[in-house]
Amino acid sequence: MPRMVTITVDGARILTPEGSNVLEAALEAGICIPNLCHVPGVTPLGACRVCVVEIIENGRRRLTASCTLEARDGMVIEAHSENVMRARRNIVELLLAEAPNSRAIQDLAARVGVTECRYPMRNNTCVLCGRCVRVCDEIWQSKSLGLVGRGPSRRVALPFDVRPDLCKRCNNCIQVCPMTITPCPGPLTEPAICARCESQTSMVENIPDTCVMCELGRGFQCARWQLKGLDARA
Amino acid sequence: MDAKQLDPILNNRGSEPYEIMEVLQDIQDLYGFLPEPALRAASASLGVPLIEVFRLANFYKAFSLKPRGRHLLTVCNGTACHVKGAPRLLDELMARLNIAPGETTADEAFTLETVNCLGACALGPVIVVDGVYYEHMDPSKLDGLLETVRSRDRELVPHA
C-alpha cells in the first residue's frame, strides 16, 4: 500500500498515493484539467502541455505540466487561475493551428474556450503527442515506433521506415491517435475552427473547473473517460 | 558492405546496451556512414531496440545514414567565419562540386557539409578537409585545395 499524501487543487484537498501524477489525481477527484497526450497506465511524457497548471511553492507560482508532476504532501496547485487559462488557451491555439483536422483538437479548443486562431494554419497530420509511441513501447512491449529527429524534423517513424517484425499489427497506435477522429462535420476541407459545440461551450464557461464527463472529453479522449473504464470513442 | 569487418567492433564492445554510442561511432569510422545492415547487426548484438538505434543515428549530426564521399569537406559557417566570407566560400564549393551541403558528388569523392562553429574563430574562415583545418580561406585558394585532395584521392583509388 503506497503512502497517501494530501495535495490541494483549486482549493480542494485530494488524498492520493504518493508519487502518482497530479493530473490523474485531479481527474479522479472530478476536477477538469484538459489533457491530450496523457494515456492512463502509460508513462507521462508532457509533450502537449495542455494539462498546464500553476504550482505554488514558498509563495512563488510557476507553470508546469500536471501529468509529469508527482504528487508530494502539501502541494498547492491552481488549475484554473487566470494565468493557467491564458497559457492553456494559447497552447491549444497552437495545437489547433498545427492540426485542425481532428475532433480531439477541435473539442479541446471548445473546452478551453479558443474562439479564434491567431497562427497560420499548417494542417498537419501529427502533433507529436507521442501517444502511439508510448502505447506501442509500454503496453505492447513492441518498440516498433519512435519519435525520430530533432526540432522541426521530429516525426513519428518506424526504424528505417519499414514495419519491423516486432510489430504485431495490433493497431493500438491508430486507436490512441488524436488525429484519427475526424471533426463532427466530417473532414475539413478548409482548415478552421469548427465551433459547432455551442451547447457544450456555454457549460464550459459556467463551470470551467468541474469535470462533468462532458461530451467534449470523449472527443479529446480525456483520460477521465479511460480512468472510469469507459470507451472514450463510443 | 562486408559483414566480417563488423565482427571486431561487435566483439570488442558489443555486449552491453550502453555501449551503443561507441559501436555507432566505430561503424561510422569504418564505413564513413551508418549502413542499415550494420545497424541491424549492432541492434541484435547489443540488445538495443532497432528504433532506439535509428533514433540515435538520426539525432546526432556526427552520424550519417546516407553514404558519404571519400573526402569530407566541412565549411564553418559560425558567426566569425560568416562575416569573414564563409557563405562565398560555400557558394564557390557548391558551384565547383555541383552539390548542395549534405550531398555527395556522383563519383563519391566529396561530401560537402556545413558546421555552425568549430571554436577556431581566429582562423576564420575555416574549411576542414578530412579532419585537417585550412585557415584563412578565400575563393582563390579553393582550386589549390581541391587539387591536393583530388591528387590524394587518385592515390587512394588509382583507377578513379
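Look up a bit, the structure's there.
These numbers were taken from a predicted model, which means no experiment stands behind them. (Residues numbered from 1 in each chain as written. Chains lettered and ligands numbered in written order. Predicted model: local features only at pLDDT ≥ 70, side-chain atom pairs only at ≥ 80, totals over all residues. Heavy atoms only, no water.)

Engineer: Can you lay out the overall build of chain A for me, pointing to particular residues and giving the numbers?
Structural biologist: Tallying secondary structure elements over chain A gives 8 helices and 7 strands in all. A burial count over chain A gives 47% of its 234 residues as buried. Counting only contacts in chain A whose residues sit at least 6 apart along the sequence, the fraction spanning at least 24 positions is 58%. A total of about 11,500 Å² of accessible surface is found on chain A, and carbon and sulfur atoms cover 50% of it. (Helix = DSSP H or I, 4+ residues; strand = E, 2+ residues; numbered from the N terminus. Buried < 20%, exposed > 50% of the residue type's maximum accessible area, 1.4 Å probe, protein only. Contact = heavy atoms within 4.5 Å. Areas by Shrake-Rupley, 256 points an atom, 1.4 Å probe, with all protein chains shown as cover.)

Engineer: Pulling in residues and values, what's your account of the overall build of chain B?
Structural biologist: Assigned secondary structure in chain B consists of 7 helices and 4 strands. Along the chain direction, N to C, the helices and strands of chain B fall in the order α-α-α-α-β-α-α-β-β-β-α. The buried share among the 160 residues of chain B stands at 39%. Of the roughly 8,600 Å² that chain B leaves accessible, carbon and sulfur atoms contribute 52%.

Engineer: So, the packing of aromatic side chains: which residues are in play, and what are the values?
Structural biologist: All names here are of chain B. Summed over all chains, the structure comprises 3 aromatic pairs over all chains. Taking the centre distance of 6.1 Å and the plane angle of 85 degrees together, the rings of tyrosine 60 and phenylalanine 63 count as edge-to-face. You can call tyrosine 60 partly exposed: its relative accessible area is 35%. What links up through ring pairs into an aromatic cluster is the set Phe59, Tyr60 and Phe63. (Phe/Tyr/Trp six-rings, centres within 6.5 Å; stacked < 30°, edge-to-face > 60°.)

Engineer: Can you explain the pattern of salt bridges? Please cite residues and give values.
Structural biologist: Residues and elements named next belong to chain B. All told, the structure shown has 16 salt bridges over all chains when counted by the stated rule. Between arginine 68 and glutamate 113 there is a salt bridge, with the nearest N and O atoms lying 2.7 Å from each other. Separated by 45 residues along the polypeptide, arginine 68 in the loop between helix H4 (50-59) and strand S1 (71-76) and glutamate 113 in strand S2 (residues 110-115) bring together distant segments of the chain. Overall, the relative accessible area of 18% leaves arginine 68 in the buried class. Here arginine 152 makes a salt bridge to aspartate 130, at a shortest N to O gap of 3.7 Å. Of this pair, arginine 152 sits in helix H7 (residues 139-156) while aspartate 130 sits in the loop between strand S3 (127-129) and strand S4 (132-134), and the two are 22 residues apart along the sequence. Given a relative accessible area of 34%, aspartate 130 falls into the partly exposed group. (Salt bridge = Lys/Arg side-chain N within 4 Å of Asp/Glu carboxyl O.)

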